[in-house]
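A look at the structure
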Amino acid sequence: MLESTVAAIRPLDETAMAAARELQGRLTKPAGSLGALEPLSVRLAGLAGTCPPPLPEPAAVAIFAGDHGVHAQGVTPWPQEVTAQMIANFVAGGAVVNAFARQAGASVTVVDVGVATPLPVAPSADPAGPRLVAANVRPGTRDLTVTAALTRDEARTAVETGIRIAGELVDAGAGILLTGDMGIGNTTPAAALIAAFTAVDAAAATGRGTGVDDETYARKVGVVRAALERHAPDPADPLGVLAAVGGLEHAALAGLVLGAAARRVPVLLDGVIAVSAALAAAAFAPDAVGAMVAGHRSAEPGATAALRHLGLDPLIDLGLRLGEGTGALLALPVVTGAVRVLHEVATFDSAGVAEK
């Protein structure tokens, strides 16, 4: 599945992008007056292969959840059980991502791809509410400071889980996919992935996650540096990098991006976990970047390094560092607006408005 998905990913359609640029030039507004929305609309036309591209709706958030063996190194003060508890909160509709999803009219799918503790989840009373998918590859990763976090087969299974979820959501009618994540300690493997793929120093890739103190932060940087020295991951081997220092949710998110790109559907990236996974997706298939839209700039420093490496500019910058898909949901109306302009704004000719 991984190889066939990568093979299906193609460059953006230059003819559709040229048509979108030409249309932008004829709309009743000064050229360039919509700033970043104009090149975004052009890129989405190239992804869809038509101008105007389809409106990116309905939206579907996929939250991948997993636990991490590196938690044993004291990289976060939060207990590992919180991962499972937050999944229950997602399914019950009580998290921030749920509030934002209701506001945006987006569906929420929660995927247990590697949670270590039993899930205290009751079925949702609302049949249209959040959906839980059981796809546990293993109960958390191994400690990446001691050994590889995953085997190559486990990493592949997680990636292919993400590809499968992308296909299911698109087949159900989703016009845009949004990345979400949950996993106590998951900013540590995210930092290791970012350092591995971008070659920035461990300190530049590592942030404070849920807000750790100076002592914990220093320990976290040391853990990331030690893992990179131990495994020496090769960025030309993305599956190997994910296996060595990644998480199950990171691998699944990489698969979601690849699956969206193969289906020519945009994927709106959330924060540092998502962009670390996007680096892996781009290493598998460079043209997958054409399907990526950076929702926001996470407060985690590694996110900026990853976005720079991908050549993506974030749509909003609000100092967010929650994850879950929250930043992507806040950016969703911006993406929709960029496309709606091409559908609904009159041209100078049709409106009888004089050009300069």
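Below is a summary of the structure that appears in this document. None of these values were measured; they are calculated from a predicted model. (Residues numbered from 1 in each chain as written. Predicted model: local features only at pLDDT ≥ 70, side-chain atom pairs only at ≥ 80, totals over all residues. Heavy atoms only, no water.)

Turning our eyes to something else, we now look at the side chain of Asp67. Assignment of secondary structure puts Asp67 in the loop between strand E1 (59-66) and helix H4 (82-92). Despite being buried, Asp67 has no salt bridge partner; Arg138 is the closest side chain of opposite charge, sitting 11 Å away. Of the polar contacts made by the side chain of Asp67, one reaches the side chain of Thr83; its length is 2.7 Å. With near-sequence residues (within four places) excluded, Asp67 lies in contact with Gln80, Thr83, Gly114, Val115, Ala116, Thr117, Gly140, Thr141 and Ile184. (Helix = DSSP H or I, 4+ residues; strand = E, 2+ residues; numbered from the N terminus. Buried < 20%, exposed > 50% of the residue type's maximum accessible area, 1.4 Å probe, protein only. Lys, Arg positive; Asp, Glu negative; His and termini not counted. Salt bridge = Lys/Arg side-chain N within 4 Å of Asp/Glu carboxyl O. Polar contact = N/O pair within 3.5 Å; in protein donor to acceptor, adjacent residues only side chain to side chain. Contact = heavy atoms within 4.5 Å.)

What follows deals with the sheet that holds E1. Taken in spatial order, the 6 strands of this open sheet run E3-E2-E1-E4-E5-E6, and their pairing is parallel. Two strands in the sheet have a free side with no partner beyond their single neighbour: strand E3 (131-134) and strand E6 (292-294). This sheet shows a mean twist of 25° between the axes of neighbouring strands, independent of strand direction. Where E1 and strand E4 (residues 176-182) come together, 7 bridges link them in parallel fashion. (Pairing = 2+ DSSP bridges. Axes fitted to C-alpha atoms, helices over the stretch in contact; angles between N-to-C directions.)

In terms of residue burial, helix H10 (residues 238-245) counts as a mostly covered element, since 8 of its 8 residues are buried. When H10 is considered as a whole, its buried residues turn out to be Pro238, Leu239, Gly240, Val241, Leu242, Ala243, Ala244 and Val245. Elements that come into contact with the buried residues of H10 comprise helix H6 (152-171), helix H7 (187-198), helix H9 (214-231), helix H11 (248-262) and helix H12 (272-284).

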